[in-house]
Amino acid sequence: MRNTLGLMVASVVAAVVIAGVWFWTPSPRADAAPPQTVAARPADPLPVQTAAAGRNDVDVTAALSKRAEASPALTAPAPVAAALKSACANADALGVSRTVVVDTAGGPGFGFEHFKQLDFLQDKEVVLTFDDGPWPNNTPTVLKALADECTKGVFFSVGKHATYHPEILRQVLAAGHTVGSHTWSHVNLNSKKMNEQQVKDEIEKGFSAVKMALGTNPAPFFRFPQLQHNPGAVTYLGTRNVAMFSTDVDSFDFKADGPDKIVNNVMTKLDKLGKGIILMHDFQKHTGEALPTLLRRLKAGGYKVVAMKAKGTLETLPEYDAMLVKNEKLPTAAAGRPVSSVVQTVSD
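Residues numbered from 1 in each chain as written. Predicted model: local features only at pLDDT ≥ 70, side-chain atom pairs only at ≥ 80, totals over all residues. Heavy atoms only, no water.

(A) Structural context of the pattern of salt bridges. Evaluation of the coordinates by the stated rule reveals 9 salt bridges. Measuring nitrogen to oxygen at the nearest pair gives 3.7 Å for the salt bridge that ties D321 to K211. Taken as a pair, D321 in helix α10 (residues 318-328) and K211 in helix α6 (residues 196-214) lie far apart in primary sequence, 110 residues in all. One salt-bridge network, in which partners are shared between bridges, spans D92, E149 and R296. (Salt bridge = Lys/Arg side-chain N within 4 Å of Asp/Glu carboxyl O. Helix = DSSP H or I, 4+ residues; strand = E, 2+ residues; numbered from the N terminus.)

(B) Representation of the side chain of T287 in the model. Within the secondary structure, T287 is located in helix α9 (residues 285-300). Owing to a relative accessible area of 1%, T287 belongs among the buried residues under this scheme. Within the structure, T287 has its side chain in polar contact with the backbone oxygen of H281 (distance 3.0 Å). Beyond its immediate sequence surroundings of up to four residues, T287 is in contact with F130, D253, I262, M280 and H281. (Buried < 20%, exposed > 50% of the residue type's maximum accessible area, 1.4 Å probe, protein only. Polar contact = N/O pair within 3.5 Å; in protein donor to acceptor, adjacent residues only side chain to side chain. Contact = heavy atoms within 4.5 Å.)

(C) Just the packing of aromatic side chains, in detail. According to the stated counting rule, one finds 9 aromatic pairs in the structure shown. Arranged with centres 4.9 Å apart and planes meeting at 25°, the rings of F130 and F155 form a pair that is stacked. On the criterion of sequence distance, the pair formed by F130 in strand β4 (residues 125-131) and F155 in strand β5 (residues 154-157) is long-range, its members being 25 residues apart. The exposure class assigned to F155 is buried, which follows from its relative accessible area of 3%. With a centroid separation of 6.0 Å and 55° between ring planes, the pair formed by F252 and F254 is classed as tilted. By relative accessible area, F252 is classed as partly exposed at 30%. Through pairs of rings, three or more aromatic residues link up here, namely F110, F120, F156, F221 and F245. (Phe/Tyr/Trp six-rings, centres within 6.5 Å; stacked < 30°, edge-to-face > 60°.)

(D) Inspection of helix α8 (residues 259-273) at higher detail. The first and last C-alpha atoms of α8 sit 22 Å apart over 15 residues, in line with the 21 Å expected at 1.5 Å per residue. Of all the positions in α8, only I262, V263, N265, V266, M267 and L270 are classed as buried. Packing partners of the buried residues in α8 comprise β4, β9 (249-250), β10 (276-281) and α9. Following α8 by one or two positions, G274 adopts a phi angle in the positive range, close to 90°. (Expected span 1.5 Å × (residues − 1).)

(E) Quick look at the pairing of strand β6 (residues 178-181). Residues T178 and G180 of β6 are buried on one face, and the alternating residues V179 and S181, pointing to the opposite face, are buried as well. By the bridge criterion, 4 bridges tie β5 to β6 in an arrangement that is parallel. Its bridge partner being in β6, S157 is matched across the sheet by S181. (Pairing = 2+ DSSP bridges.)

(F) Inspection of unusual backbone geometry at higher detail. Residue P134 follows G133 across a cis peptide bond; omega there is 0°. In this structure, P134 sits in the loop between β4 and α3 (138-148). Phi is positive for D132, which is not a glycine, with a value near 80°. Among the secondary structure elements, D132 is positioned in the loop between β4 and α3. Although it is not a glycine, F252 sits at a positive phi angle of roughly 50°. Structurally, the position occupied by F252 is in the loop between β9 and α8.

(G) Main features of the packing of helix α5 (residues 166-174) against α6. The interhelical angle for the contact between α5 and α6, taken along N-to-C directions, is 80°, at an axis separation of 8 Å. Classified by the interaxial angle, the pair formed by α5 and α6 is roughly perpendicular. Every residue of α6 that contacts α5 at P166, L169, R170 and L173 is listed here: V210, A213 and L214. Per-class residue counts for the contact of α5 with α6 are 6 nonpolar, no polar and 1 charged. (Axes fitted to C-alpha atoms, helices over the stretch in contact; angles between N-to-C directions. Parallel < 35°, antiparallel > 145°, perpendicular 65-115°, else oblique. Nonpolar A, V, L, I, M, F, W, Y, C, P; charged D, E, K, R; others polar.)

(H) The state of the cysteines, seen in detail. Evaluated as defined, the whole model comprises 1 disulfide. Two residues, C88 and C150, share a disulfide whose sulfurs are 2.2 Å apart. Residues C88 and C150 are joined through a disulfide that is right-handed, its torsion about the S-S bond being 80°. Of this pair, C88 sits in the loop between α2 (78-86) and β2 (98-102) while C150 sits in the loop between α3 and β5, placing them 62 residues apart in sequence. With a relative accessible area of 23%, C88 lands in the partly exposed category. By relative accessible area, C150 is classed as buried at 18%. (Disulfide = S-S within 2.5 Å.)

(I) Inspection of the nonpolar core at higher detail. Among the nonpolar cores identified, the biggest contains 32 residues, and L128, L291 and L298 are the most heavily contacted of them. Listing elements by their share of this core, those giving two or more residues are β4, α3, α5, α6, α8, β10 and α9. Not counting residues up to four positions away in its chain, the partners in contact with L128 are L146, T151, K152, G153, V154, I278, M280, L295, L298 and V305. Counting 17 residues, the second-largest nonpolar core is a separate cluster that includes V102, F120, V127 and A310. (Core = buried A, V, L, I, M, F, W, Y, C linked by side-chain atoms within 4.5 Å.)

(J) Summary view of the confidence of the model for the chain. Confidence in the prediction of the chain, expressed as mean pLDDT, is 80, and 69% of residues score 70 or more. Within the model, pLDDT remains below 50 along residues 1-5, and this stretch shows 0 contacts once partners closer than five positions in the same chain are excluded. Here residues 16-71 scores under 50 on pLDDT; set against residues more than four positions off or in separate chains, the count is 48 contacts. (pLDDT = per-residue confidence, 0-100.)

Here is the structure:
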């Protein structure tokens, strides 16, 4: 009996002690300071996305038509397209939908009039191309029209014209357009009067002249005068890794008697085809006059401009660079330098 009573007393005492400890131990305060944290380092930048869910004013998706998935035309990274968009002050500009970078290895051909292997344009996409410049008044007029609509083109310069007006060709490059070549003297390379060496001379001398005018290597882009080519010339350009351009839509601006005719020529053919590379001439006066209206018609018709860039530049052949200087007596000093860096006013 005593043992039982003792156990009961001990149990009560233990319970009282446990309750006291629990009661007098303070609980955490609601206003206590939160634990301190250390700022994490900035996240590593995400890799550039080559595919996106939608399209904006500037499309940076890499989506080419399924027939062109193996094409050497690749969509440029997002920063390139973003820069084009941010630089445009015209909110309603035609702009550039996407920029493609062309791997010119082996000499790919573009323009379905002659080269049908690479179908990289989607419906309602166009490439603006201009031949035969640079030329006073006419080329600057074309450049202004393109700048007003914040869009880009590919210019195929005649070598002689580049030596006549290098400052104008540098304006073309400075405006962000791609500059290729259109031979030295605009001769028909498919003529029976042209032998293999003469064809090579026309091609290489033209590129050397464009390089001299620009002060830097041109794009490895080439268009045959009169769109006339032969297997030998095509093979040679392939060995030089130069992309060749034909056309899908010829404006026939060199035949047009006014700007309205040029606009109608282009839009009639384009609405039938739905897309394509457009051939124009910045050498022609009416082309610059037609371009503002044509660009607005393209915008109204839902067409989008694709800018074409080359993956690399063309290394001209030293013997042709030297030949050009010797035979044409062209200046070699200060090539590519702006006037302001050569002649400066020190007092008025």
